[in-house]
Amino acid sequence: MQLNDKDVYTSEENKEQGISLFPDHEELMITRVEQGQGCKCGRYVIHFGPYSLSVLEDVMIKYNMFKGTSFAKKELEDIVLADEKQQAYVHALRYLGQKPRTRQEIAQRLAQKEVAQTVIDEILVRLQREKLVDDDLYARQWARQRIMSQRKGKMWIRQELRQKGISKASIGEALGEITDNEEWESALTVGRKKWNQVRGDIMDKKRKTFPFLMRRGYSGDITRRVINHLSVDEQDEAYDDGELMHWEE
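Cut-offs and rules
- Residues numbered from 1 in each chain as written.
- Predicted model: local features only at pLDDT ≥ 70, side-chain atom pairs only at ≥ 80, totals over all residues.
- Heavy atoms only, no water.
- Helix = DSSP H or I, 4+ residues; strand = E, 2+ residues; numbered from the N terminus.
- Buried < 20%, exposed > 50% of the residue type's maximum accessible area, 1.4 Å probe, protein only.
- Contact = heavy atoms within 4.5 Å.
- Areas by Shrake-Rupley, 256 points an atom, 1.4 Å probe, with all protein chains shown as cover.
- Phe/Tyr/Trp six-rings, centres within 6.5 Å; stacked < 30°, edge-to-face > 60°.
- Lys NZ or Arg CZ within 6 Å of the ring centre and 35° of its normal.
- Core = buried A, V, L, I, M, F, W, Y, C linked by side-chain atoms within 4.5 Å.
- pLDDT = per-residue confidence, 0-100.
- Expected span 1.5 Å × (residues − 1).
- Axes fitted to C-alpha atoms, helices over the stretch in contact; angles between N-to-C directions.
- Parallel < 35°, antiparallel > 145°, perpendicular 65-115°, else oblique.
- Left-handed = near helix turned anticlockwise from the far one by under 90°.
- Nonpolar A, V, L, I, M, F, W, Y, C, P; charged D, E, K, R; others polar.

A. Region of interest: the overall build of the protein. For the protein, the count of helices and strands is eleven helices and five strands. For the protein, with 249 residues in total, the buried portion stands at 40%. A sequence separation of at least 24 residues applies to 62% of the contacts in the protein between residues at least 6 apart. When the accessible area of the protein is evaluated, it comes to approximately 14,600 Å², of which 49% is carbon and sulfur surface.

B. Local environment of the packing of aromatic side chains. Inspection of every chain in the model, using the stated rule, returns three aromatic pairs. Taking the centre distance of 5.2 Å and the plane angle of 45° together, the rings of F22 and Y51 count as tilted. With F22 in the loop between α1 (11-18) and β1 (28-29) and Y51 in strand β4 (residues 51-56), the pair connects residues that are 29 residues apart, well separated along the chain. For F22, a relative accessible area of 3% puts it in the buried group. By way of ring pairs, the aromatic residues F22, F48 and Y51 are connected into one cluster. The ring of Y95 is capped by R101, whose NZ or CZ atom sits 3.7 Å from the centre of that ring.

C. Geometry of the nonpolar core. Counting 17 residues, the largest nonpolar core has I46, F48, L53, V55, M65 and L76 as the members making the most contacts within it. Elements that contribute at least two residues to this core include exactly β3 (43-48), β4, α2 (57-62) and α3 (73-98). Once residues within four sequence positions are removed from consideration, M65 is found in contact with I30, V33, I46, F48, L53, V55, M60, F71, L76 and I79. Residues A92, L110, V119 and L127 belong to the second largest nonpolar core, which totals 15 residues.

D. Looking closely at the confidence of the model for the protein. In this model, the protein carries a mean pLDDT of 87, and residues with pLDDT of at least 70 account for 86%. Low pLDDT (under 50) marks residues 1-9, which in the prediction has 33 contacts with non-local residues, meaning those over four places away or in another chain.

E. Layout of unusual backbone geometry. Unlike most non-glycine residues, N64 shows phi in positive territory, near 55°. Among the residues examined, N64 registers a relative accessible area of 41% and is labelled partly exposed. Residue R151 is not a glycine yet carries a positive backbone phi of 55°. Here R151 shows up in the loop between α6 (135-148) and α7 (154-163).

F. Structural context of helix α9 (residues 180-197). In a regular helix each residue adds 1.5 Å, so 18 residues correspond to 26 Å; α9 covers 26 Å between its end C-alpha atoms and thus fits that length. Residues of α9 that are buried include every one of E183, W184, S186, A187, L188, V190, G191 and W195, and no others.

G. Representation of the packing of α3 against helix α4 (residues 103-112) in the model. Where α3 meets α4, the axes come as close as 10 Å, and the angle between the chain directions of the two elements is 125°. When the interaxial angle is binned, α3 and α4 end up oblique. As for the relative orientation of α3 and α4, their crossing is right-handed in sense. Contacts between α3 and α4 pair A88, H91, A92, Y95 and L96 from the former with E105, I106, R109 and L110 from the latter. Of the residues in the contact of α3 with α4, the class split is six nonpolar, one polar and two charged.

H. Geometry of the environment of Q86. Locating Q86 in the fold gives a position in helix α3. For Q86 and I123, which are 37 residues apart along the polypeptide, the C-alpha to C-alpha distance reads 8.7 Å. When near neighbours in sequence (up to four residues on either side) are disregarded, Q86 contacts L56, D58, V59 and R126.

Written out as structure tokens, the structure is:
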């Protein structure tokens, strides 16, 4: 089942425009059930004579909301709350379907949709229980991808993960799985590319490559090692070229 962001009937609208108008002290029988069309696809409009509210298909089935079934207003208020939770859950699933997310990212997304904080907290617990959200795993995968593919240093990765709401402990564990040699190889690969792009002598290459690596989050120690390694390679290459020219003469 797919749920569009532009649902005409939402749980909040149910509370403001629908359920508040229902009579308090009488049984309300469902007189008609309509399937939503277009932007209301995935929702059903439940009619109780002159009154109506809208719920997701999952909620309708769970609470047996079919023609002839009766409910008290309090029961319908509970159903509206259940619908709000399910709607938020479905939206979180759709958000997760695009790519992995952290707890903080999902919470911020739901808050933008004006989902109540108590509902957000419940959704996060449910997603964790179903192993659909795992900040520890996210941090490990993110760190390795940034080191190996994006060629970023540990300092850069640490800052990114902080911004995503990952705990210090999880960040420490994730970065701890990246060996010094892996970070060194990452820095050397991107450093050599920058070094070869710079025109000029060795000092020009050093002046531009050093801050470039630092900006990418590599430590001063690793950056100096890379610069020294590239400088030696450059000098050896110049020596070899000069020796070759000498023999050619």
